[in-house]
Amino acid sequence: MTGTTAVRTSAVRRALDGAAPTPYWLDDPARPETAAALAGPTSADLVVVGGGYLGLWTALLAVTREPGRDVLVLEALTCGHAASGRNGGFCEASLTHGLANGLARWPEEMPALLELGRTNLDAIEAAVAEHAIDCDFVRSGALSVATADHQLADLVEEQEAAAEAGQVLELLDRAALRDRVSSPVFRGALLDPDSALVEPARLAWGLRAACLAAGVRIAERTPVHALSGRERSIQLRTTSGVVTARQVVLATNAARPLLRRLRLMTVPVYDYALMTEPLSGQQRAAIGWQGREGISDRTNRFHYFRTTRDGRILWGGYDAIYHFGSRQRAAYEQRDATFETLAENFFTTFPQLEGVQFTHRWGGVIDTCTRFTAFHGTACAGRVAYALGFTGLGVGATRFAAEVALDQLAGLDTPRTRLRMVRERPVPFPPEPVRWAGIRATTWSLAQADRNEGRENLWLRTMDRLGLGFDS
Ligand SMILES: Cc1cc2nc3c(=O)[nH]c(=O)nc-3n(C[C@H](O)[C@H](O)[C@H](O)COP(=O)(O)OP(=O)(O)OC[C@H]3O[C@@H](n4cnc5c(N)ncnc54)[C@H](O)[C@@H]3O)c2cc1C
């Protein structure tokens, strides 16, 4: 280690000293009291398994569509404790994990998908207002920032492709970008106005409160262990007894799926984030970031970052960690090596902020599928609907998926259920050890491409041709 590197490493460690190992958003006195667990066997017309955004939107929309419907949410721990309560809070209109992914897979559907995505974002904004959810929803726009010269041409190409599909993106050159936020590594950006920021856990808790107010029953600390279909109903086994349902929506995200057929469709990937202390007025002025734009950079191993209502910066992304055998452990939510890399990259991006401390560090699991965007389906003769595979962009897309699940259970033919994106399924991951080796080869190749002006090796080109990938 050189002298300069050692000084740098100790400065990074100092900045992380004392950072609480817990998600910033969940460390909030507004956190609701945990609801009682299920007390014994029961039944409901619609049972929703999982109390993240997908489950809560499903329950809320079910009673909105059909007031008085008997809906029960069964949540293994507490509503919003998982991805929905610990994400970056980028609530984007995109239903396809970004424009490029959508254009590569469903080019003919993109105009419709963009329109449905905008309508979905409008509906989220309207629901936040209607239910008075205090989650700092700001329709701030998102910046996709080039940090290397070879990415500048991509900005122009993407702007043109977006315009053709009916999406207006604004191109910012280095100077225009510097007027919004100043970093020595930023070279230009695309601004997408159809994007909002939210406080993630507050949104989940607000949806939970809206569900309860609308008559939805919620049982927390009630994991469902198994599901079986009978002729006229579905049985869900919990520790407190069997729950009988006419219909079921599975909203379990990265957890081990209750339906065996879904077990190879997603892999759990750990994503990490840091939160700074509130910046002083002087620090804020030094980076010139006075707006509330959500920002991500355009490398394969990308960072995402945003400000909060009290002037902190959330800084996340870069590493996407998969554990052999799709293992998940609470201990994996802390990863010192990743936190140090993240902090180091933060100070490279904003050297003006030297001396700023991080107050929180955490990780969470995303449900990556090979097409990076959720897939939808039914089981048990149409009585069970599910959606999973949101990868790293589910804050907005889960509401759309809830609408799809309810359409499917009602047997409705809608513009949503007619989409090829909704009818098609991704290619499953292979079993171990091939899965682990394939993911290792892909993450290594993505990092190589970042070091090599974006040039992809044979492995990535082959994966692209097969429509396969690994992302966060
Ligand atoms: C660190 C991080 C950052 C992210 N950043 C963003 C972002 O900025 N923008 C964005 O769009 N997306 C982001 N995402 C992804 C986004 O958070 C998710 O796509 C979204 O929250 C998924 O919602 P969900 O309801 O499907 O899943 P979850 O919130 O994971 O909820 C699933 C729930 O199901 C429960 N459950 C599972 N199995 C059972 C069972 N058998 N019985 C009962 N309950 C069960 C779990 O306890 C959990 O509460 C991020 C994710 C992470 C982890």
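You'll find the structure just up there.
Definitions and cut-offs
Residues numbered from 1 in each chain as written. Predicted model: local features only at pLDDT ≥ 70, side-chain atom pairs only at ≥ 80, totals over all residues. Heavy atoms only, no water. Helix = DSSP H or I, 4+ residues; strand = E, 2+ residues; numbered from the N terminus. Rg over C-alpha atoms; globule rule 2.2 N^0.38 Å. Buried < 20%, exposed > 50% of the residue type's maximum accessible area, 1.4 Å probe, protein only. Contact = heavy atoms within 4.5 Å. Areas by Shrake-Rupley, 256 points an atom, 1.4 Å probe, with all protein chains shown as cover. Near = heavy atom within 4 Å. Polar contact = N/O pair within 3.5 Å; in protein donor to acceptor, adjacent residues only side chain to side chain. Axes fitted to C-alpha atoms, helices over the stretch in contact; angles between N-to-C directions. Parallel < 35°, antiparallel > 145°, perpendicular 65-115°, else oblique. Nonpolar A, V, L, I, M, F, W, Y, C, P; charged D, E, K, R; others polar. Salt bridge = Lys/Arg side-chain N within 4 Å of Asp/Glu carboxyl O. Pairing = 2+ DSSP bridges. Right-handed = clockwise from strand over helix to strand, strands pointing away. Phe/Tyr/Trp six-rings, centres within 6.5 Å; stacked < 30°, edge-to-face > 60°. Patch = residues over 30% accessible without salt bridge, like charges linked within 9 Å, V, L, I, M, F, W, Y side chains within 5 Å. Lys, Arg positive; Asp, Glu negative; His and termini not counted. Charge placed at Lys NZ, Arg CZ, Asp CG, Glu CD.

1. Focus: the overall build of the protein
Then, in step 1: Check the secondary structure of the protein and you find 14 helices and 18 strands.
Then, in step 2: Taken against the 2.2 N^0.38 rule, which gives 23 Å for 472 residues, the C-alpha radius of gyration of the protein at 22 Å falls within 12% of a compact globule.
Then, in step 3: A burial count over the protein gives 55% of its 472 residues as buried.
Then, in step 4: Within the protein, contacts between residues separated by at least 24 positions form 76% of all contacts whose residues are at least 6 apart in sequence.
Then, in step 5: Accessible surface for the protein amounts to roughly 19,600 Å². Of this, 53% is attributable to carbon and sulfur atoms.

2. Describing the site of the ligand
Then, in step 1: Neighbouring residues of the ligand: 37 residues in total, closest E75, S84, F90, V224 and V395.
Then, in step 2: For the ligand, an oxygen atom lies 2.9 Å from a polar atom in the backbone of L54.
Then, in step 3: Within the side chain of N87, one N or O atom sits 3.3 Å away from an oxygen atom of the ligand.
Then, in step 4: Contact with the protein chains hides 95% of the accessible area of the ligand, taken as 1,000 Å² for the molecule alone.
Then, in step 5: Of all the elements in the fold, those that place two or more residues in the shell around the ligand are helix 2 (53-65), helix 3 (83-86) and strand 16 (358-368).

3. A short note on the packing of helix 5 (residues 110-130) against helix 11 (residues 397-409)
Then, in step 1: Here helix 5 crosses helix 11 at 100°, and the two axes come no closer than 9 Å. As summarised for this structure, helix 5 and helix 11 are arranged roughly perpendicular, according to the angle between their axes. Where helix 5 abuts helix 11, its residues L116, N120, A123 and I124 lie against A397, R399 and F400.
Then, in step 2: Class assignment for the residues of the contact of helix 5 with helix 11 results in five nonpolar, one polar and one charged.

4. Re the pattern of salt bridges
Then, in step 1: Tallying each qualifying case throughout the model produces 31 salt bridges.
Then, in step 2: Between D136 and R292 there is a salt bridge; the shortest N-O distance is 3.1 Å. Remark: R292 occurs in the loop between helix 9 (281-287) and strand 13 (294-297) and D136 occurs in the loop between helix 5 and strand 4 (142-146); sequence separation between them is 156 residues.
Then, in step 3: E453 is the partner of R455 in a salt bridge, and the nearest nitrogen-oxygen pair spans 3.8 Å.

5. Some remarks on the sheet that holds strand 6 (residues 188-192)
Pairing between sheet strands relies on hydrogen bonds along the backbone, with the strands arranged either parallel or antiparallel.
Then, in step 1: Strand order across the open sheet formed by eight strands is 5-6-4-13-14-15-12-16, with mixed pairing between neighbours. What marks the edges here is a single partner per strand, and that holds for strand 5 (170-172) and strand 16. Sheet twist, expressed as the average angle between the axes of neighbouring strands with direction ignored, equals 20°.
Then, in step 2: Two elements, strand 12 (residues 267-276) and strand 15 (residues 313-317), share three bridges in a ladder whose sense is antiparallel. Opposite A273, over in strand 15, you have G316 as the bridge partner.

6. Regarding unusual backbone geometry
Then, in step 1: Residue P433 is bonded to the preceding E432 through a cis peptide linkage, with omega at 5°.
Then, in step 2: Position of P433 relative to the elements: it lies in the loop between helix 12 (420-423) and helix 13 (434-451).
Then, in step 3: Of note in the backbone geometry, D136 takes a positive phi value of approximately 50° without being a glycine.
Then, in step 4: Judged by its relative accessible area of 16%, D136 is buried.
Then, in step 5: Even without a glycine there, the phi angle at S326 is positive, about 55°.
Then, in step 6: The residue S326 is located in the loop between strand 15 and helix 10 (336-349) in this model.

7. Notes on the pairing of strand 1 (residues 42-49)
A regular strand places its side chains so that they alternate between the two faces of the sheet.
Then, in step 1: Strand direction decides the pairing type here: strand 1 and strand 11 (residues 241-250), joined by seven bridges, are parallel. Residue pairing in the sheet places A44 in a bridge with A245 of strand 11.
Then, in step 2: Taken together, strand 1, helix 2 and strand 2 (residues 71-74) form a β-α-β motif whose crossover is right-handed.

8. Observations concerning the packing of aromatic side chains
Then, in step 1: With the rule as written, the count across this model stands at 18 aromatic pairs.
Then, in step 2: Ring centres 6.2 Å apart and planes at 25° place the aromatic pair F186 and F305 in the stacked group. Taken together, the residues F186 in the loop between helix 7 (174-180) and strand 6 and F305 in strand 14 (residues 303-307) connect sequence positions 119 residues apart. We note that F186, like F305, is buried.
Then, in step 3: Centre to centre, the rings of W289 and F305 are 6.1 Å apart; their planes meet at 90°, and the pair counts as edge-to-face.

9. Let's talk about a negative patch on the surface
Then, in step 1: A cluster of acidic residues, D154, E157, E160 and E164, forms a negative patch on the protein surface.
Then, in step 2: As for its position among the elements, E160 is in helix 6 (residues 150-165).

Everything listed here is a matter of geometry and, on its own, says nothing about what the molecule does.
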